[in-house]
Amino acid sequence: MQFKEIIGHKDIKEHLVRTVHENRVSHAQLFLGPEGAGSLALAYAYAQFLNCENRQSTDSCGECPSCRKYNKLIHPDLHMSYPFIAKHKEDTASDYADSWRKSFLSNPYMGLEYWRNQLDADNKQVNINIAEAHGIIKKLSLKSFEAEYKVLIMWLPEYLDTQGNALLKLIEEPPEKTLFILVAENQDKILNTIISRTQLVKIKKLDHTEIAQHLKSVHHLSDQESAEIAFIADGNLQEAMNQIQSQTNNHFGILVNWLRFIVSDAGTNMISLVEEELSKMGRENQKSFLFYAINMMRQIILIKEGLSSLVFLPAKELDFVQKFAVHYTVEQIEATINLFEETHYFVERNANPKILFLDLSLQLTLIYKYKTFPKGTQYII
């Protein structure tokens, strides 16, 4: 992974390159950025640049023996740690190394759900266990095989929990020429004792234009499609990938039929749609559908507030949201968004989909057909 392969983040790249050239590499760094922003890709590119045998002024050479091994994630002095499913207490991240390499090389902007899907996690919990912490201590206590620096990249240290305390001494007083890079998304979930021992590198979400350009050049989407997906993804390239995948699904058609049954209180049709389509989508597709529905409702609010210039939708979807906006109030749309977000929350926690979507349908029927709101929605801002 070279810096030139990573979308955007010009200032961060320059900062990281400068620390190496000026010999100011902090031994423990926390790369903090939202999902899909490229924090993990930046960490790998930084490690590769640091150990490149023919380092260029702004990037690694990509051709030396060290770079070739980094490009395949097989360098003996590069160690990787990440959340996984521990089937036995002695399991470590190394047991999933092949899956990790395949996942990262195919999608360096991956989010946790993408990784969980590669593990077939279903509703199982992932974490970084105490055996992994002890394994890290053992690996980094050994001499480096061939590189100047031994590097540990830990993705999502939020999943360390109290096991992270076992690493405190190593992070504070590491062996010479050892670099820790912790790649996190939520600072509040990281142990404060770890945060205090690392140098923070803040990574912002990607710009809409950067994602749109990537979608056009790499995925060969049209200008309109790229702009639409970039707008919905809101700086998260993983979500942009999800949206491309969802285009193969009939989210729009299902949503329109569902809302048609809801606003007319067509109970039999509504129940059939829930049982035959929504409940059988599978959890990830249900989450994708709800995310799509939430964004459609937000576009309706933009139109109702006179901000049509900010709406980027294909012709059919644009026609739908414009017509829907005429007939229903902001209060109804806001209540709908709130219910969609609650349903998304429960889908993530493996609630019964048939019961969940039927209950949601009935609540939406009350809102649209009978203008009866769940308690508290009138206070939504």
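Enquirer: Looking at this structure, I do not really get the overall build of the chain. What am I missing?
Expert: What the chain contains, in helices and strands, is 17 helices and five strands. With respect to the three principal axes, the spread of C-alpha positions in the chain is 70 × 45 × 35 Å. Across the 381 residues in the chain, those meeting the buried criterion constitute 51%. Across the chain, contacts joining residues at least 24 apart in sequence account for 73% of those joining residues at least 6 apart. Total accessible area computed for the chain in this model is approximately 18,600 Å², and 50% of it derives from carbon and sulfur atoms. In the chain, the 40 positive side-chain charges and the 47 negative ones have mean positions that sit 3 Å from each other.

Enquirer: Even after reading the chapter, I still don't get the sheet that holds strand S4 (residues 178–184), so can you show me in this structure?
Expert: One key point about sheets: their strands pair by backbone hydrogen bonds, in either a parallel or an antiparallel sense. An order of S2-S3-S4-S1-S5 is seen for the five strands of this open sheet, with the pairing classed as parallel. At either end of the open sheet lies a strand with only one pairing partner, and these are strand S2 (78–81) and strand S5 (199–202). Averaged over all pairs of adjacent strands, the angle between their axes in this sheet comes to 20°, without regard to strand direction. Two strands pair when backbone bridges link them, and strand S3 (residues 150–155) and S4 are joined in this way by six bridges, in the parallel orientation. Note on S4: the bridge partner recorded for Leu-152 is Phe-180.

Enquirer: What is the right way to look at the side chain of Lys-287 in this model?
Expert: The residue Lys-287 is located in helix H14 (residues 283–304) in this model. The buried category is assigned to Lys-287, whose relative accessible area is 6%. In this structure Lys-287 touches Glu-113, His-344, Val-347 and Glu-348, once residues within four positions along its chain are discounted.

Enquirer: In this structure, what is going on with the nonpolar core? I would like to understand it.
Expert: In globular proteins that are soluble, nonpolar side chains generally tend to be buried together. Formed by 60 residues in total, the largest nonpolar core has its most connected members in Phe-31, Tyr-44, Trp-100 and Ile-153. With 10 residues, the single largest contributor to this core is helix H2 (residues 39–51). Setting aside residues no more than four positions away along its own chain, Ile-153 makes contact with Leu-40, Ala-43, Tyr-44, Ala-47, Leu-78, His-79, Met-80, Ser-81, Ile-181 and Val-183. Listed in part, the 43 residues of the second largest apolar core include Val-256, Trp-258, Leu-259 and Ile-301.

Enquirer: Quick question: what am I supposed to make of the packing of H14 against helix H15 (residues 315–327) here?
Expert: Helix-helix packing: each pair is described by the crossing angle between the helix axes and the interaxial distance. Where H14 meets H15, the closest approach of the two axes is 9 Å, and the angle between their N-to-C directions is 60°. Regarding the angle of H14 to H15, the classification is oblique. The element H14 and its partner H15 pack so that their crossing is right-handed. Contacts between H14 and H15 involve Tyr-292, Met-296, Met-297, Ile-300, Ile-303 and Lys-304 on the former and, on the latter, Glu-317, Phe-320, Val-321, Gln-322, Phe-324 and Ala-325. Partitioning the contact of H14 with H15 into residue classes produces nine nonpolar, one polar and two charged.

Enquirer: How do you make sense of the packing of aromatic side chains when you look at a structure like this?
Expert: For any pair of aromatic rings, geometry is given as the distance between the ring centres together with the angle between the planes. Tallying each qualifying case throughout the model produces 17 aromatic pairs. Relative to Trp-100, the ring of Tyr-82 lies with its centre 4.2 Å away and its plane at 5°, an arrangement referred to as stacked. Of this pair, Tyr-82 sits in the loop between S2 and helix H4 (97–106) while Trp-100 sits in helix H4; the two residues are 18 residues apart in sequence, bridging distant segments of the chain. Assessed through its relative accessible area of 1%, Tyr-82 is described here as buried.

Enquirer: Would you explain the environment of Trp-100 in this entry?
Expert: For Trp-100, a relative accessible area of 1% corresponds to the buried category. With 150 residues separating them in the primary sequence, Trp-100 and Asn-250 have C-alpha atoms 31 Å apart. The contacts of Trp-100, once residues within four sequence positions are left out, are Leu-40, Tyr-44, Leu-73, Met-80, Tyr-82, Met-110, Trp-115 and Trp-155.

Enquirer: Is there a simple way to explain empty space enclosed by the protein in this structure?
Expert: Once rolled over the atoms, a probe with the size of a water molecule shows which space is left empty. Under the counting rule described, the total for this entry stands at one cavity of 30 Å³ or more. Taken as a whole, the largest cavity encloses approximately 80 Å³ of empty space. For the lining of the largest cavity, the elements supplying multiple residues, two or more each, are H2 and S4.

Enquirer: Where do I start with the pairing of S3 in this structure?
Expert: The side chains of a regular strand alternate between both faces of the sheet. Burial analysis of S3 places six of its six residues in the buried class, the great majority of the element. Going residue by residue along S3, you find Lys-150, Leu-152 and Met-154 tucked away on one face and Val-151, Ile-153 and Trp-155 tucked away on the opposite face as well. Where S2 lies against S3, four bridges are found, and the strand directions are parallel. When the bridges of S3 are listed, Met-80 appears paired with Ile-153.

Enquirer: Is there a simple way to explain helix H1 (residues 10–21) in this structure?
Expert: Because an α-helix packs 3.6 residues into every turn, residues spaced three or four apart end up facing the same way. With 12 residues, H1 should cover 16 Å at 1.5 Å per step; its first-to-last C-alpha distance of 17 Å lies within 8% of that length. Three or more residues of H1 are buried, namely Ile-12, Lys-13, Leu-16, Val-17, Thr-19 and Val-20. Each buried residue of H1 lies within a common arc of 155° when the element is viewed along its axis, so the set occupies one face. Along H1, the residues that are exposed and aim more than 90 degrees away from the buried face are Lys-10 and Asp-11. Of the surrounding elements, those touching the buried residues of H1 are strand S1 (28–32), H2 and S5. Of the residues trailing H1, Asn-23 is marked for its positive phi of about 55°.

Enquirer: Honestly, the layout of surface pockets in this entry has me stumped. Any pointers?
Expert: Computed from the structure, the largest pocket encloses a volume of approximately 1,500 Å³. Broken down by element, the lining of the largest pocket gets its largest block of residues, eight residues, from H14. Per-class residue counts for the lining of the largest pocket are 11 nonpolar, 20 polar and 17 charged.

Conventions and cut-offs
Positions within a chain are numbered from 1, following the residues in the order the chain's sequence is written. The model is predicted, so local features are restricted to residues of pLDDT at least 70 and side-chain atom pairs to those at 80 or more, both for listing and for counting; the totals for chains, interfaces and linings are taken over all residues. Each side-chain value is derived from all of the structure's non-hydrogen atoms; neither hydrogens nor water enter the calculation. The numbering of helices and of strands both runs from the N terminus, where a helix is a DSSP run of H or I of at least 4 residues and a strand a run of E of at least 2. Burial here depends on accessible area, computed with a 1.4 Å probe over protein chains only, as a share of the maximum for the residue type. Under 20% is buried, over 50% is exposed, and the range in between is partly exposed. By definition, residues are in contact when any of their heavy atoms lie within 4.5 Å. To measure how exposed things are, a 1.4 Å probe is used in the Shrake-Rupley method; for residues, cover is taken only from the protein chains shown. This count recognises Lys and Arg as positive and Asp and Glu as negative, with His and chain-terminal groups excluded. Every charge is mapped onto a representative atom, which is NZ of Lys, CZ of Arg, CG of Asp or CD of Glu. In this description, strands pair whenever DSSP reports at least two bridges between them. Where helices are involved, their axes are fitted lines through C-alpha atoms of the stretch in contact, as for all axes, and angles between N-to-C directions lie from 0 to 180°. Here the nonpolar core consists of buried residues drawn from Ala, Val, Leu, Ile, Met, Phe, Trp, Tyr and Cys, with membership extended through side-chain atoms lying within 4.5 Å. Roughly parallel refers to an angle under 35 degrees, roughly antiparallel to one over 145, roughly perpendicular to one between 65 and 115, and oblique to any angle outside these ranges. Left-handed describes a crossing in which the near helix is turned anticlockwise from the far one by less than a right angle; the clockwise case is right-handed. Under the convention adopted here, Pro, Cys and the residues Ala, Val, Leu, Ile, Met, Phe, Trp and Tyr are nonpolar, Asp, Glu, Lys and Arg are charged, and Gly plus all remaining residues are polar. Only Phe, Tyr and Trp rings are paired, with Trp represented by its six-membered ring, and only when their centres lie within 6.5 Å; those with planes under 30 degrees apart are stacked, over 60 edge-to-face, the remainder tilted. Buried and open spaces are told apart on a 1 Å grid over the protein atoms alone, a cavity being a set of points where a 1.4 Å probe fits but cannot get out and a pocket being an open set with protein on both sides within 12 Å along at least five of seven lines. Residues with an atom within 4 Å of a point are the lining residues. Grid points are joined across faces, edges and corners, and a volume is the space filled by probe spheres set on the points. In a helix, the anticipated span is given by 1.5 Å times the number of residues less one. Note that the arc is computed from the directions linking the helix axis to the C-beta atoms.

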